[in-house]
Amino acid sequence: MEREKRLSLGFLTLGVLVLVASGLAEPPPSCEGVRKVFQLRQLGPLRDVPRSPRAGADLQVCTSKNPTCCTKKMEERYQTAAKQDIQQVLQTSSATLKFLISRNAAAFQETFEMLIRLAENYTSALFCHTYRSMAAEATARVQEFFTDVGLFLFGTDVNTEEFVNRFFDTLFPVVYNHVINPGLTDISLEYAECLRMAQRDIRPFGNISKKAVGQMGRSLLPSRTFLQALNLGIEVINTTDHLHFSKDCSRALLKMQYCPLCQGLTLSKPCMGYCLNVIRGCLANMAEVDLHWREYIRSLEELSTAMSGTYDIEHVLLNFHSLVNDALVQARINGPELSEQVNKLCGPPVRKPSQSPGCSVDQNKDNQGFKMFSRDSEETLASRRKEFISHLRPYRAFYGGLVDQLCGNELAAADGLPCWNGEDVVRSYTHRVVGSGVKAQSANPEVKVKGTDPVISQIIDKLKHVIQLLQSKSFPKYDKWDLQQTGSGGGVDEQISGDCDDEDGCAGSGSGEVKRVLKITDWMPDKTNLSDVKQIHQTNDGSTLDTTGAACTTLADYMTFMLISLVTLSLSLW
């Protein structure tokens, strides 16, 4: 009998606990539970919380006919906490996405910086080891050129065509002085200036400079836009993470999250429909970002795919030294004809005492910082972009599904459980549930939305702009550049296309996709005569054209080692 009595008492106690937990119990005569929650959440001094329910005539939002466990000061603190809570939830929800974009933006930027440095080293090494007499003067022009490359790539308003042409303009006097018409002394500054001004008329490098303009334009601009787009993605998330909530939204959040506490309902959660209406009202402007965010990620993906192949920045920069060598070969072959043209425009050479120092490239210094790394031979910049996009793609619907995610995972009661509807604990929410976006909120029974947020409108305008750039509408369209090389002995025509061939480390797939495998081209600068440099070009029919003698290989191990180190360092960033 005693055992049955204790068992009945246990079931009775359990039933009371279930009622309390579900929020269906009447508010307790004591506010002790509310005090514990207030203290646990560190919302303010405990003296602000009454020990027993009191009349709430001074309350503005959490009003009730029954005695309440809230005071005006508590309501104000709850108001602040409600806004902080929603901001914290927003930031938590976007944290993984924000980290994904910011980490890759930093990694891509650092990789681009390293590619620039390595490409500069390759080009300087060409002069240092093959054209040593003009190395000091030429490497100064090389440094200026790659400084301009970096400035453009990272957002400075410089023109690719201008700085590419400027490089060849300033290179011509050096080449003339040391290759075309070498002398015991250097040409004067005035004569060098005449040569610089005459370069585009004489065209000593054939169409090489035009080809370089095309390659740089088609590789640098997409990469620059890609970086800008990633940085804008971070800005979008930062903006939506720190929204300014209207007064009506703040009151609705307070009512949904904290007013139940005033009635002693410490364990109740809002109904799903109620939560959706409140959060959709508060985030109505954020929902307007959804369409543009989807298009932003789609455009990023399309650009990333288009950046692969011949005009991938990796391929263009790391093979620029070969393009420069083509220009020097062209100038040497046409030397006699060029000398005649120069004499007509600038007169005979005016020389001064020679001051050209020797080569200043420090090979040991170039190796520093690259010694401890190894690489996966199949890893490319294009594959890293592809991997990044594959991780970004699932976030296309981030802004469209955010409200449902917040209410479903964080804020609202599960289906079928008693829930808070803003007034009391009920079995279900009976008001209409509105859709997402500003226009849909005209029928929202919980939150009034008065119009568009200018901050959100501004970030949408920025998204629209970068989407246009990502879709390549403002990218220059360069076709293949044909280079006509004419030797002094007669007409020797050679077509050099911009297509990537196997000698350049590219392999075509069955779908026509070009894959760039990170390796340096077969040609390497060496301490040899100009005629010993091996030039391999791809013609339109896919065959290769060998225009000179044997390949130089003295620096091959050195250059390949630096390239291996570069890629591994970039991979370590991911």
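Cut-off values and rules
Residues numbered from 1 in each chain as written. Predicted model: local features only at pLDDT ≥ 70, side-chain atom pairs only at ≥ 80, totals over all residues. Heavy atoms only, no water. Helix = DSSP H or I, 4+ residues; strand = E, 2+ residues; numbered from the N terminus. Buried < 20%, exposed > 50% of the residue type's maximum accessible area, 1.4 Å probe, protein only. Contact = heavy atoms within 4.5 Å. Areas by Shrake-Rupley, 256 points an atom, 1.4 Å probe, with all protein chains shown as cover. Phe/Tyr/Trp six-rings, centres within 6.5 Å; stacked < 30°, edge-to-face > 60°. Disulfide = S-S within 2.5 Å. Axes fitted to C-alpha atoms, helices over the stretch in contact; angles between N-to-C directions. Left-handed = near helix turned anticlockwise from the far one by under 90°. Nonpolar A, V, L, I, M, F, W, Y, C, P; charged D, E, K, R; others polar. Arc of directions from axis to C-beta. Parallel < 35°, antiparallel > 145°, perpendicular 65-115°, else oblique. Expected span 1.5 Å × (residues − 1). Bend = angle between axes of the 7 residues up to and from the residue.

### Considerations on the overall build of the protein chain
Counting its secondary structure elements, the protein chain contains 20 helices and eight strands. Of all 574 residues assigned to the protein chain, the portion counted as buried reaches 51%. Within the protein chain, contacts between residues separated by at least 24 positions form 79% of all contacts whose residues are at least 6 apart in sequence. For the protein chain, the exposed surface amounts to about 27,400 Å²; the carbon and sulfur share of it is 50%.

### Points about the packing of aromatic side chains
Counting across every chain of the model gives 21 aromatic pairs. Aromatic side chains Phe 127 and Tyr 131 sit 6.1 Å apart centroid to centroid with 55 degrees between the ring planes, which places their arrangement in the tilted category. For the residue pair Phe 127 and Tyr 131, the accessibility class agrees, reading buried in each case. Where Phe 145 meets Phe 167, the ring centres are 5.0 Å apart and the plane angle is 45 degrees; that geometry is what we call tilted. With Phe 145 in helix H4 (residues 135-153) and Phe 167 in helix H5 (residues 160-180), the pair connects residues that are 22 residues apart, well separated along the chain. In this structure, Phe 145 and Phe 167 share a single accessibility class: buried. By way of ring pairs, the aromatic residues Phe 145, Phe 146, Phe 163, Phe 167, Phe 168, Phe 172, Tyr 176, Phe 205 and Phe 320 are connected into one cluster.

### Points about the state of the cysteines
Simply put, disulfide is the name for a covalent bond between the sulfur atoms of two cysteines. Enumeration over the complete set of coordinates arrives at seven disulfides. Put simply, Cys 70 and Cys 262 are joined by a disulfide, and their sulfur atoms are 1.9 Å apart. Between Cys 70 and Cys 262, the S-S dihedral sits near -90 degrees, and the bridge is therefore left-handed. Placement of Cys 70 in the loop between helix H2 (32-40) and helix H3 (72-130) and of Cys 262 in helix H9 (residues 259-262) is noted, with a sequence separation of 192 residues between them. The same class applies to Cys 70 as to Cys 262, namely buried.

### Looking at the packing of H3 against helix H14 (residues 320-333)
The N-to-C vectors of H3 and H14 enclose an angle of 35 degrees; their axes lie 8 Å apart at closest approach. For the pair H3 and H14, the sense of crossing is right-handed. Along its contact with H3, which presents Tyr 122, Thr 123, Leu 126 and Phe 127, the element H14 presents Phe 320, His 321, Val 324, Asn 325 and Leu 328. Residues of the contact of H3 with H14, tallied by class, amount to six nonpolar, three polar and no charged.

### A look at H2
Since the α-helix advances by 3.6 residues per turn, residues separated by three or four positions end up pointing in the same direction. Those residues of H2 that fall on the buried side of the exposure criterion are Val 34, Arg 35 and Phe 38. Along the axis of H2, the buried positions cluster into a sector of 100 degrees, meaning they face one direction only. In this structure, H2 carries Lys 36 and Leu 40 as exposed residues pointing more than 90 degrees from its buried face. Buried positions along H2 lie against H3 and H9. Just beyond H2, the residue with positive phi is Gln 42, at close to 55 degrees.

### Things to note about the environment of Gly 217
Take Gly 217: it is sitting in helix H7 (residues 208-241). The spacing of Gly 217 and Tyr 311 is 94 residues in sequence and 9.0 Å in space, taken between C-alpha atoms.

### A word on the packing of H7 against helix H12 (residues 290-306)
The geometry of H7 relative to H12 is characterised by a closest axis approach of 11 Å and an angle of 155 degrees between their N-to-C directions. When the axis of H7 is compared with that of H12, the two are roughly antiparallel. Handedness of the H7/H12 crossing: left-handed. For the pair H7 and H12, the contacting residues are Pro 222, Phe 226, Ala 229, Leu 230, Gly 233, Val 236 and Ile 237 in the first and Trp 293, Tyr 296, Leu 300, Leu 303 and Ser 304 in the second. For the contact of H7 with H12, the per-class residue count stands at ten nonpolar, two polar and no charged.

### A short note on H3
End to end, H3 covers 83 Å across 59 residues, agreeing with the expected 87 Å (1.5 Å per residue, within 8%). At Ala 95, H3 shows its maximal kink, close to 45 degrees.

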